[in-house]
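Report on the structure
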Amino acid sequence: MIIGMISALLISSVAAPLSAQAFSSREIAPEQSDNYWTKFALGAGISLAAHESAHILTSIAMGFHPYIGFDKGRPTVYSGIDSQKYPHKQFLFSAAGLTTQALINEAILDIPHSRGGAIERGILAGGIGTTLFYITIGRNGDVSDIAFMARTSSLSKTQLSLIFGGVSAIHAVRIWRNPAYSHFFVRPTENGMGIGFQY
């Protein structure tokens, strides 16, 4: 988890960060903003990769052999842990992904650095988006992290959703209140701001 956080911070700080004031079309040439969504998607991908890597590394650290399989056609990381025999270890495996993303987001929001770059925004959005998925439509799936945590602990799906959702909600409020993250899903263009994708 520590390696994932350090990697994410280094990548987000290297990726030409933009301050809130830099979103003026006079200050950023259009060619600098052409790959904004590509960098944003890269950041979201880094966040998802950290999530899945945390599952794999947690299983390996506990002496098990994780593997990648398919659940209804979707690639899934399996722990290799007998959850009946080792419920606590299965809980740790299931919690590792969301916890790692929350820690990365927390580090980005806490550690002083030049803020607001596209990759950094993607990492933050990836962490919040993954949590939002798992506490809503993804919480009842056969291989859902929330469902497995509920099965292997004394916490219910609702309690787990409130815990992880609460942390992400705090991150979202902090992003909303920080001027460096103004126009979170908007990129600078030659004539102002662009929302979404170009056609």
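Read on for an overview of the structure. Not measured: the values here are computed from a predicted model.

Another aspect to go through is the side chain of Ser79. Position of Ser79 relative to the elements: it lies in the loop between β2 (74-78) and α4 (87-110). In this structure the side chain of Ser79 is engaged in a polar contact, spanning 2.8 Å, whose partner is the side chain of Gln90. Those residues in contact with Ser79 that lie beyond four places of it in its chain are Ser59, Phe64, His65, Pro66, Gln90 and Phe93.

Of all hydrophobic cores here, the largest spans 16 residues; its most connected members are Phe40, Ile108, Ile123, Leu124, Ile175, Tyr181 and Phe184. Sorting the residues of this core by element identifies α3 (36-61), α4 and α5 (118-135) as the ones contributing at least two each. Counting residues in hydrophobic clusters, the runner-up holds 9 residues, among them Phe91, Leu98, Tyr134 and Met149.

Mapped onto the elements, Thr76 comes out in strand β2. Note on Thr76: relative accessible area 12%, which makes it buried. Of the polar contacts made by the side chain of Thr76, one reaches the backbone oxygen of Arg74; its length is 3.1 Å. Residue contacts for Thr76: discarding those within four places in its chain leaves Tyr67, Ile68, Gly69, Asp71 and Val143.

So, on to unusual backbone geometry. Within the chain, Lys72 stands out as a residue other than glycine whose phi angle is a positive 55°. Counting through the fold element by element, Lys72 comes out in the loop between β1 (67-71) and β2.

Looking at where Ala172 falls in the secondary structure, it is placed in helix α7 (residues 157-177). Among the residues examined, Ala172 registers a relative accessible area of 33% and is labelled partly exposed.

Once that is clear, we can look at the pairing of β2. Bridging between β1 and β2 involves 5 bridges; their strand directions are antiparallel. Residue Asp71 lies in a different strand from β2, and its bridge partner there is Arg74. Between the end of β1 and the start of β2, which pair antiparallel, lie 2 residues, with Lys72 showing a positive phi angle near 55°.

Attention now moves to the pattern of salt bridges. Counted under the stated rule, the structure contains 4 salt bridges. As a salt-bridge pair, Lys72 and Asp142 come within 3.2 Å of each other at their nearest N and O atoms. Taken together, the positions of Lys72 in the loop between β1 and β2 and Asp142 in the loop between α5 and α6 (145-151) put the pair 70 residues apart, joining distant regions of the chain. The exposure class assigned to Lys72 is exposed, which follows from its relative accessible area of 69%. A salt bridge links Arg174 to Glu106; the shortest N-O distance between them is 3.1 Å. You can see Arg174 sitting in helix α7 and its partner Glu106 sitting in helix α4, a full 68 residues away along the chain. On the basis of relative accessibility, which here comes to 28%, the residue Glu106 falls in the partly exposed class. Several salt bridges converge on common partners, so that one network encompasses Glu106, Asp110 and Arg174.

Once that is clear, we can look at the packing of α5 against α7. The geometry of α5 relative to α7 is characterised by a closest axis approach of 10 Å and an angle of 150° between their N-to-C directions. The element α5 and its partner α7 pack so that their crossing is left-handed. In this structure, α5 uses Leu124, Gly127, Ile128, Thr131 and Ile135 to contact α7, whose residues at the interface are Ser161, Phe164, Gly165, Ser168, His171, Ala172 and Ile175. Class assignment for the residues of the contact of α5 with α7 results in 6 nonpolar, 6 polar and no charged.

Conventions adopted
Residues numbered from 1 in each chain as written. Predicted model: local features only at pLDDT ≥ 70, side-chain atom pairs only at ≥ 80, totals over all residues. Heavy atoms only, no water. Helix = DSSP H or I, 4+ residues; strand = E, 2+ residues; numbered from the N terminus. Polar contact = N/O pair within 3.5 Å; in protein donor to acceptor, adjacent residues only side chain to side chain. Contact = heavy atoms within 4.5 Å. Core = buried A, V, L, I, M, F, W, Y, C linked by side-chain atoms within 4.5 Å. Buried < 20%, exposed > 50% of the residue type's maximum accessible area, 1.4 Å probe, protein only. Pairing = 2+ DSSP bridges. Salt bridge = Lys/Arg side-chain N within 4 Å of Asp/Glu carboxyl O. Axes fitted to C-alpha atoms, helices over the stretch in contact; angles between N-to-C directions. Left-handed = near helix turned anticlockwise from the far one by under 90°. Nonpolar A, V, L, I, M, F, W, Y, C, P; charged D, E, K, R; others polar.

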